[in-house]
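# Geometric and topological summary
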Amino acid sequence: MTAVEDAPVTAEIGKARRRKEDAHLITGRTTWTDNMSLPGMLHLAILRSPMAHAKITAIDTTEAKGRTGVVAVFTGQDFKDVQGDVPCAWPVTPDMVNPGAPAMAVTQVNHVGECVAVVVARTKVEAQDALEGIDVDYEPLPPVLNMEEAIKDGSPLVHGHTESNRSYTWPFESGAAGTGAPIEQALSEAEVTVKRRFIQQRLIPAFMEPRSVVVQPSGDNVTVWSTTQIPHILRVMLALTLGIPEQKLRVIAPDVGGGFGGKIPVTPEEIISVLVARRLNKPVKYTESRSESLMSAHHGRDQIQDITITAKRDGTVTGLDVHLLADMGAYLRLVGPGVPVLGAFMFNAIYKIPAYRFVCEGIFTTKTPTDAYRGAGRPEATYAIERIMDELAVELGMDPMELRRKNWIKHEEFPFTTVAGLTYDSGNYETATDKALELMRWDELRAEQKRRRDAKDPVQLGLGISTFTEMCGLAPSRVLGSLDYGAGGWEHASIRMLPTGKVEVVTGASPHGQGHETAFAQIVADRLGVAWEDVELIHGDTASSPRGLDTYGSRSLAVGGIAIVKAADKVIEKAKKIAAHLLEANEDDLDFAGGKFSVKGSPGSEVGIADVALAVFAAHNLPDGVEPSIDSDAAYDPENFSFPHGTHLCAVEVDTETGMTKIRRYVCVDDVGTPINPLIIEGQVHGGLAQGIAQALFEEAVFDESGNLTTGTFVDYTLPSAADLPSFTTERTETPATSNPLGVKGVGEAGTIASTPAVMNAVVDALRPFGVSDIQMPATPERVWRAVHGAEHSDRAEAGTTAYGGSSTDSKGGRTDGGTA
């Protein structure tokens, strides 16, 4: 151990500080992209396709060009030779079919809301009004809406130049991959087999701030302000797509009002805005409306999951077979193909499953493209395994928690290499679960449930479980490379010591509500022994923060935070040499603690790191050959993911006469490793729970038989309010990660990943006396009522845009029964 590693901290880490950034965010003293106004700035309005699938036979823009205030009107034909394709950075297989995705349609539209033309005017209102003057002739083509129908022989093709609507097939099999046992053996020798079909409905990220972009050309240089999660990646992708030298591009993500993955892709609107600004040599702004956002910004989830689990009669799970159909929508977005593939490593979850097969097919439809949404593949996997574990417990006649205990990885078995090939470094599922059961008063609720069932109470009580883990910190780069991801997983940080003792920290992570400015300052204050208030974070601008890979996948702390730690340690090592010179001591005789260098055995002989910074600035008395700087850079590329985990328990009351579901109690105990700021952790968990519960009970993007989004406003796309959610009981256990020096894991997606199966398991548990084994999400009152009263499908299912399935259970010498959807 070095003196730096042994140094006591200033107790910043672990302190529940209020967020630095809240003052200006809450009071509206913000720099949203749409608040910006540049001299001579023009405004864009985009004409979007009303057709899900059609040829463009003619576009007449004459009337629009003559409207008041209109400067120009452009169509796809105007930019067809320079717009390139909206980039996809994750070709998950060598033979993946990517049909190309023009920023603005040229000859064909493939989903409602696709960009067809853009009006440039002096005001936003004039631009929007002029859209009415554009006349487009369409030749309708058959919409392609159902994934299973889309891949049948003879199905209409979304893209006429492709051979099918299948983009890729990505397989993994444990025996063939060198991990675990052959799945066919597990299937053939199973004593109990349970099969289920689960549907991950399509969701919309619905971030608070709609997408907006401002572009300012200046000679050969272009500055882009965008509501993006990925300023650094956006810069690279714009350079590659549009042929602009990267050094001539500056991308700035100012205050960004939420993302949830919805601001990860490079968007058609960003490309169009850059093209228009350069063509006219004028600054331009585009801001979408809420209805445009719901219709055209990417969607998430949308999978059909066919799951088979095998077990011995004593409850030992022996195999898991997963087949997914994943709806890509009309085009492949930035990481869209890889989202369901990420889930491949999480279907086995916390369980010691010896045999495993995963096959995912990416399918084109004439719907809005899909991409990452909070959790990105891991919520889908967690939902499937936690639901199928409950179904297996019913078939075996076992308590669902005892089934989990029998099969999960014990705390003494870590590190543990799973059947999917990942090595979980640490965890303690037993402690988290025991604490959750105690807080929930689980046995009391089970007793109450029995009384209600015996009394045939019309309001039934259901109890749901979700014991989960997830892979966080999208890295390491070598693993991402093995998955054909187009970028690395490292992160970069710089620390600048100012002569007044203040500290500037430059990070490549780009926040949009997570609390980076607060938590990163706490880490630096601890490491350097400076005041938390004296640490300033610089981010989100490729000019001031030129290196980074941005924010997504719960990577900010586990990757970006560790880069900051490494940069801080370099600052200390540089400063030590100068401190030793100032103290006339040997470097090896110095300790560093509380922001001061002191000589061992010489009380009072010390110098503060702020004093060293001032001495460096003056440079009057430095050791020979030492440069006048203790500023330091560091890049960090993890050797492994981090693996937070937890136990979530939910109690619901379901009124069988009305179908109404009410969450009565929700308890979660999460383990995110070493906590940096408990208040931020609490906020992230609460927000995640809201989104996961919303998938279970409220949200669904629905298309009609023509491919129109029928949930294109917040009247129809039902986001829950605070009044729709219960008070949560949240607690933590602490099992530090062994893969990084802070012991941190990740928390940004935990609540979303765990809560959906906990709620749905509770709803189904309430209705088991009525023969219900599954309900299609969201479990609306109508769907619950229909399930109770024997209806197989809701009206939405009958529209034919989503595949619905039943379920079966096959126990050798046992039964096969259909489930209720």
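Residues numbered from 1 in each chain as written. Predicted model: local features only at pLDDT ≥ 70, side-chain atom pairs only at ≥ 80, totals over all residues. Heavy atoms only, no water.

### A few points about the overall build of the chain
- Scanning the chain from N- to C-terminus turns up 24 helices and 29 strands.
- Taking 2.2 N^0.38 as the reference for a compact globule, 821 residues should give roughly 28 Å; the C-alpha atoms of the chain span a radius of gyration of 28 Å, in line with that estimate.
- Over its C-alpha atoms, taken along the principal directions, the chain stretches across nearly 85 × 75 × 50 Å.
- Burial statistics for the chain: of 821 residues in total, 62% are counted as buried.
- Considering only residue pairs separated by 6 or more positions, the chain has 80% of its internal contacts joining residues 24 or more positions apart.
- Carbon and sulfur atoms make up 50% of the accessible area of the chain, which amounts to about 29,500 Å² in all.
- When the 75 basic and 109 acidic side-chain charges of the chain are each reduced to a single mean position, those positions are 1 Å apart. (Helix = DSSP H or I, 4+ residues; strand = E, 2+ residues; numbered from the N terminus. Rg over C-alpha atoms; globule rule 2.2 N^0.38 Å. Buried < 20%, exposed > 50% of the residue type's maximum accessible area, 1.4 Å probe, protein only. Contact = heavy atoms within 4.5 Å. Areas by Shrake-Rupley, 256 points an atom, 1.4 Å probe, with all protein chains shown as cover. Lys, Arg positive; Asp, Glu negative; His and termini not counted. Charge placed at Lys NZ, Arg CZ, Asp CG, Glu CD.)

### Concerning the pairing of strand S14 (residues 317–329)
- Burial runs high along S14: 12 of the 13 residues are buried.
- Relative to S14, strand S13 (residues 300–311) runs antiparallel, the two being bridged by nine bridges. Looking at S14, one finds that Ile 304 is bridged to Leu 325.
- Counting the residues in the hairpin turn of S13 and S14 gives five residues, including Gly 315, whose phi is positive at 100 degrees. (Pairing = 2+ DSSP bridges.)

### Describing the sheet that holds strand S4 (residues 108–109)
- What the three strands build is an open sheet, ordered S4-S2-S6; its pairing is antiparallel. Strand pairing shows two members of the sheet lacking a second neighbour, S4 and strand S6 (135–140), which therefore form its edges.
- Sheet analysis places strand S2 (residues 54–60) next to S4, joined by two bridges and oriented antiparallel. By the bridge assignment, Lys 55 is partnered in S4 with Gln 108.

### Quick word on the nonpolar core
- Judged by nonpolar contacts, the single largest core of 145 residues is most densely connected at Trp 170, Phe 347, Tyr 356 and Phe 358.
- With nine residues, helix H13 (residues 378–396) is the largest single contributor of residues to this core.
- Apart from the residues lying within four places of it in its own chain, the contact partners of Tyr 356 are Phe 172, Glu 173, Ser 174, Ala 181, Ile 183, Leu 320, Val 322, Ala 344, Phe 347, Asn 348, Val 419 and Ala 420. (Core = buried A, V, L, I, M, F, W, Y, C linked by side-chain atoms within 4.5 Å.)

### Things to note about the sheet that holds strand S28 (residues 728–733)
- As summarised here, the arrangement of the four strands in space is S18-S26-S27-S28, forming an open sheet in which the pairing is mixed. With one partner strand each, in any of the chains shown, strand S18 (459–469) and S28 form the two edges of the open sheet. Between one strand axis and the next, the sheet turns by 10 degrees as a mean value, whatever way the strands run.
- Here strand S26 (residues 645–655) pairs with strand S27 (residues 661–671) via 10 bridges, running antiparallel. Pairing of Val 652 across the sheet is with Ile 663, part of S27.
- Sheet contacts for helix H15 (residues 429–440): S18, S26, S27 and S28; angle to S26, the most-contacted strand, approximately 30 degrees.
- Sheet strands in contact with helix H21 (residues 678–697) are S26, S27 and S28, and its direction is about 125 degrees off that of S28. (Axes fitted to C-alpha atoms, helices over the stretch in contact; angles between N-to-C directions.)

### As for the confidence of the model for the chain
- Mean pLDDT for the chain: 94, with 95% of residues reaching 70 or above.
- For residues 1–9, every residue scores under 50 in pLDDT, and the model assigns this stretch 12 contacts once sequence neighbours within four places are set aside.
- Ignoring residues within four places in sequence, the model shows residues 791–821, a span with pLDDT below 50, making 87 contacts including any to other chains. (pLDDT = per-residue confidence, 0-100.)

### Here we look at the environment of Val 612
- Relative to the assigned elements, Val 612 resides in helix H20 (residues 609–618).
- Between the C-alpha atoms of Val 612 and Leu 582, which are 30 residues apart in sequence, the distance is 8.5 Å.
- Setting aside residues no more than four positions away along its own chain, Val 612 makes contact with Ala 575, Ile 578, Ala 579, Phe 597, Val 607 and Ile 630.

### Some details on unusual backbone geometry
- With an omega dihedral of -5 degrees, the bond running from Phe 414 to Pro 415 counts as a cis peptide bond.
- Mapped onto the elements, Pro 415 comes out in the loop between helix H14 (400–407) and strand S16 (416–417).
- Following Met 777, the chain continues into Pro 778 via a peptide bond in cis, with omega recorded as -5 degrees.
- Within the secondary structure, Pro 778 is located in the loop between helix H22 (750–767) and helix H23 (781–788).
- Positive phi is not limited to glycine here, since Arg 301 has a value of about 65 degrees.
- The topology assignment puts Arg 301 in strand S13.
- Take Arg 301: its relative accessible area is 7%, and that puts it in the buried class.
- Non-glycine residue Asp 302 carries a positive phi angle of around 65 degrees.
- Relative to the assigned elements, Asp 302 resides in strand S13.
- Owing to a relative accessible area of 8%, Asp 302 belongs among the buried residues under this scheme.

### Some points on the packing of aromatic side chains
- Taken as a whole and assessed by the stated rule, the structure comprises 13 aromatic pairs.
- Between Phe 198 and Tyr 383, the ring centres sit 5.8 Å apart and the planes meet at 85 degrees, which makes this aromatic pair edge-to-face. Pair noted here: Phe 198 is in strand S8 (residues 192–203) and Tyr 383 is in helix H13, with a separation of 185 residues, a long-range link. You'll find Phe 198 and Tyr 383 in the same group, each marked buried.
- Ring geometry for Trp 408 against Tyr 429: centres 6.3 Å apart, planes inclined by 65 degrees, an arrangement best described as edge-to-face. Note that Trp 408 is positioned in the loop between H14 and S16 and Tyr 429 in helix H15, a separation of 21 residues in sequence. (Phe/Tyr/Trp six-rings, centres within 6.5 Å; stacked < 30°, edge-to-face > 60°.)

### Considerations on the environment of Pro 102
- Within the element layout of this structure, Pro 102 appears in the loop between helix H4 (76–79) and S4.
- Between the C-alpha atom of Pro 102 and that of Arg 732, which follows or precedes it by 630 residues, the distance is 47 Å.
- Apart from residues no more than four positions distant in its own chain, Pro 102 is found in contact with Gln 83, Gly 84, Asp 85, Val 86 and Tyr 331.

### Section: H23
- Listing the buried residues of H23 in full gives Arg 783, Val 784, Ala 787 and Val 788. Projected down its long axis, H23 carries its buried residues within an arc of 135 degrees, all on one side.
- A positive backbone phi angle near 90 degrees is found at Gly 790, which sits one or two residues after H23. (Arc of directions from axis to C-beta.)

### Remarks on the state of the cysteines
- Evaluated as defined, the whole model comprises zero disulfides.
- Sulfur of Cys 650: no disulfide; nearest cysteine sulfur belongs to Cys 668 and is 11 Å away. (Disulfide = S-S within 2.5 Å.)

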